[in-house]
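Structural characterization, general
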There are 2 protein chains.
Amino acid sequence: MTRQEIIGNIKSKGSFLCVGLDPDIKKIPQHLLREENPLYSFCKAIVDATAQYAVAYKPNLAFFESMGVEGWLALEDIVKYINEKYPDQFVIADAKRGDIGNTSKLYARAVFEHLNADAVTVAPYMGEDSVTPFLGYPGKWVVLLALTSNKGSHDFQLTPDENGKRLFENVILASQKWATTDELMYVVGATQGCMFEDIRAIAPDNFLLVPGVGAQGGSLEDVAQYGMTKDCGLLVNSSRGIIYASAGEDFAEAAAREASKLRDQMALLLRRYGVVD
Amino acid sequence: MTRQEIIGNIKSKGSFLCVGLDPDIKKIPQHLLREENPLYSFCKAIVDATAQYAVAYKPNLAFFESMGVEGWLALEDIVKYINEKYPDQFVIADAKRGDIGNTSKLYARAVFEHLNADAVTVAPYMGEDSVTPFLGYPGKWVVLLALTSNKGSHDFQLTPDENGKRLFENVILASQKWATTDELMYVVGATQGCMFEDIRAIAPDNFLLVPGVGAQGGSLEDVAQYGMTKDCGLLVNSSRGIIYASAGEDFAEAAAREASKLRDQMALLLRRYGVVD
């Protein structure tokens, strides 16, 4: 999916919501355990209930992998389902991959050729040749970890180098040379509200994938105030706050309600900052 | 597997060889494509041919994932096969995982509970709470990326902070507080020969998993000279140099020959540095 298509979808839907698909077999509604593949059934119901409010889905590979082969079947099936039924949805394989070149090339083959996702999250620790094998697929994206939403982001990402540049800034500065804004996004946690200004100073145009709104406590208002660009430039993810809004048989309706609330807030913010009229 | 069991296996076999299982469907011998699951058949033949020379196997998850469900079946089957037929082999899931706590927990469930590997490689970028969910499984290990073997290791890992400490040193120093030497190893590339002294200065007792011998050009002699401890403290990995030693029907014999050569060199080094008499 091209940058222009993503922006077009955001404007027409009045939403920059990404719904995170983290289907934990221990947390999904009990009645789904009777289904042939409960993870798939759960995700499909969530997608059908929220698609009108969202522009992206982010299956978190850990949750599928934890079920082994059955999980991979569910993952392949849900991505296929979204691609076929909702082709305007941007699908991000949240995998945090990254390895030496010949191995990253195989991870790229897995997510782009086999799974057919639009984007993959990549960890930057191993540097340029661990990231570039994911580039060069037309219409596909790398979403590189910059400043994450968790407590551990303070352990290394915020450490300044000899020149006062923090690691996440060095990651952004270096990676700008590897890829254009048409193929590279960054992960920036919503819990890092005040850092969005610093990030926009060095990555003014890249889309940012923003986890951490909801269960992790980040503020959508702050993210929009400091992170939004004229093209929006944001995909804000909510996982647990939407998909586990109810543990009962009404889980899909509850998910729709939460997604709808976020979409309404987002529509206001898109107007406030002049992305839509 | 406990640290003492690993050390015992190294001493009794005169080997600290880890064989990397990187089965690329585009590179394995053509006659195997007739098998029901070519990746599994390839890995099984490699394991049977090399088990007497090795103490560990490192399936690289990218190569299995690139085949989707079929690949995951092959991965599960080969780990099960090794665990059953060669229970003294240490199995490292080379996955380079790492995410926020609730997600790392699921990756841990995938590799330790579902796949039943002994260890998993983890990327440190997201800090403590991305690593600790992999700890606390009795007999299971985290192998944390410190200084990798690829060119991109120079992009961030070698960057000094304000106090002159390089990122890989900060990763080692911080992580020593998270886990004991009975559950934490580090990845240090063989291509970084002269750095082993610096690493041993801050991680004198941790086992190091050392890729980069063979196809990537690292020297086994240098690694042993600067990295070996009284307990050996090393698992040196070779993937391509062993498993693709021949592309013909004799691939298993060729792999055995290369593994045997490395084992002979390793036996000499274990004697030279007094690990065995």
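What counts and how
Residues numbered from 1 in each chain as written. Chains lettered and ligands numbered in written order. Predicted model: local features only at pLDDT ≥ 70, side-chain atom pairs only at ≥ 80, totals over all residues. Heavy atoms only, no water. Phe/Tyr/Trp six-rings, centres within 6.5 Å; stacked < 30°, edge-to-face > 60°. Helix = DSSP H or I, 4+ residues; strand = E, 2+ residues; numbered from the N terminus. Buried < 20%, exposed > 50% of the residue type's maximum accessible area, 1.4 Å probe, protein only. Arc of directions from axis to C-beta. Polar contact = N/O pair within 3.5 Å; in protein donor to acceptor, adjacent residues only side chain to side chain. Salt bridge = Lys/Arg side-chain N within 4 Å of Asp/Glu carboxyl O. Core = buried A, V, L, I, M, F, W, Y, C linked by side-chain atoms within 4.5 Å. Contact = heavy atoms within 4.5 Å. Axes fitted to C-alpha atoms, helices over the stretch in contact; angles between N-to-C directions. Parallel < 35°, antiparallel > 145°, perpendicular 65-115°, else oblique. Left-handed = near helix turned anticlockwise from the far one by under 90°. Least-squares fit on C-alpha atoms with pLDDT ≥ 70 in both. Pairing = 2+ DSSP bridges.

Regarding the packing of aromatic side chains
Considering all chains together, one arrives at 15 aromatic pairs over all chains under this definition. Relative to Y244 of chain A, the ring of F42 of chain A lies with its centre 5.7 Å away and its plane at 15°, an arrangement referred to as stacked. Residue F42 of chain A is located in helix 2 (residues 38–50), and its partner Y244 of chain A is located in the loop between helix 11 (240–243) and helix 12 (251–272); the two are separated by 202 residues in the primary sequence. Each member of the pair, F42 of chain A as well as Y244 of chain A, carries the same accessibility label: buried. Ring centres of Y40 of chain B and Y81 of chain B lie 6.5 Å apart, and the angle between their planes is 90°; this geometry places the pair in the edge-to-face category.

Quick look at helix 10 (residues 220–227) of chain A
Residues separated by three or four positions in an α-helix point in the same direction, a consequence of the helix having 3.6 residues per turn. All names here are of chain A. Listed as buried for helix 10 are L220, V223, A224 and G227. What you see down the axis of helix 10 is that its buried residues fit within an arc of 100°, all on one side. You can read the cap of helix 10 off the contacts: a side-chain oxygen lies 3.3 Å from the backbone nitrogen of E221, and it is on S219.

A short note on the pattern of salt bridges
Scanning all chains against the criterion turns up 32 salt bridges over all chains. Of the charged contacts, one joins K96 of chain A and D94 of chain A as a salt bridge, the two residues approaching to 2.7 Å between their closest N and O atoms. Exposure class is identical for K96 of chain A and D94 of chain A. Each is buried. Sharing partners across several salt bridges, the network here consists of K58, D94 and K96 of chain A together with D99 of chain B.

Topic: the nonpolar core
Counting residues in each nonpolar core, the largest one holds 226 residues, and the members touching the most others are F16, I78 and F90 of chain A together with F16, I78 and F90 of chain B. In this view, F16 of chain B contacts I10, V55, L220, M228, C232, L234, L235, V236, M266, L269 and L270 of chain B; residues no more than four positions away in its chain are not counted.

Here we look at the packing of helix 2 (residues 38–50) of chain B against helix 12 (residues 251–272) of chain B
All names here are of chain B. The contact between helix 2 and helix 12 brings their axes to 8 Å, and the two run at 40°. The orientation of helix 2 relative to helix 12 falls into the category oblique. The element helix 2 and its partner helix 12 pack so that their crossing is right-handed. Of the residues in helix 12, those in contact with F42, A45, I46, A49 and T50 of helix 2 are F251, A252, A255, A256 and A259.

What about the relation of the copies chain A and chain B?
Each copy superposes on the other: chain A lies on chain B with an RMSD of 0.0 Å after a rotation of 180° and an axial shift of 0.0 Å. As the rotation angle and translation indicate, the two copies are arranged about a two-fold axis. The share of interface residues of chain A whose copies in chain B are also at the interface is 100%, consistent with both copies meeting through the same surface.

Structural notes on the environment of I202 of chain A
All names here are of chain A. With respect to the secondary-structure elements, I202 resides in helix 9 (residues 196–202). The exposure class assigned to I202 is partly exposed, which follows from its relative accessible area of 21%. Expressed as a C-alpha distance, the spacing of I202 and P23, which sit 179 residues apart in the sequence, is 35 Å. In contact with I202, other than residues within four places in its own chain, are E169, I172, L173 and Q176.

Some thoughts on helix 1 (residues 3–13) of chain A
All names here are of chain A. All of the buried residues in helix 1 are R3, I6, I7, N9 and I10. For helix 1, the angular spread of the buried residues around the axis is 160°, confining them to a single face. Set apart from the buried face of helix 1 by more than 90 degrees, the exposed residues are Q4 and S12. Buried residues in helix 1 make contact with strand 3 (90–97), strand 5 (141–147), strand 6 (184–188), strand 8 (234–238) and helix 12.

Re the sheet that holds strand 3 of chain A
Residues and elements named next belong to chain A. Taken in spatial order, the eight strands line up as 1-2-3-4-5-6-7-8 and close into a barrel, and their pairing is parallel. Between one strand axis and the next, the sheet turns by 30° as a mean value, whatever way the strands run. Across two bridges, the pairing between strand 2 (residues 56–59) and strand 3 is parallel. Along strand 3, the bridge assignment pairs Y57 with V91.

Things to note about the pairing of strand 5 of chain A
All names here are of chain A. Of all seven residues in strand 5, seven are buried; the element is thus mostly enclosed. Bridge count for strand 4 (residues 119–122) against strand 5 is four bridges, and the pairing is parallel. Counted as the bridge partner of A119 is W141 from strand 5. Pairing analysis gives five bridges linking strand 5 to strand 6, with the strands arranged parallel. Residue pairing in the sheet places L145 in a bridge with V187 of strand 6.

Nothing here speaks to function; it is geometry throughout.
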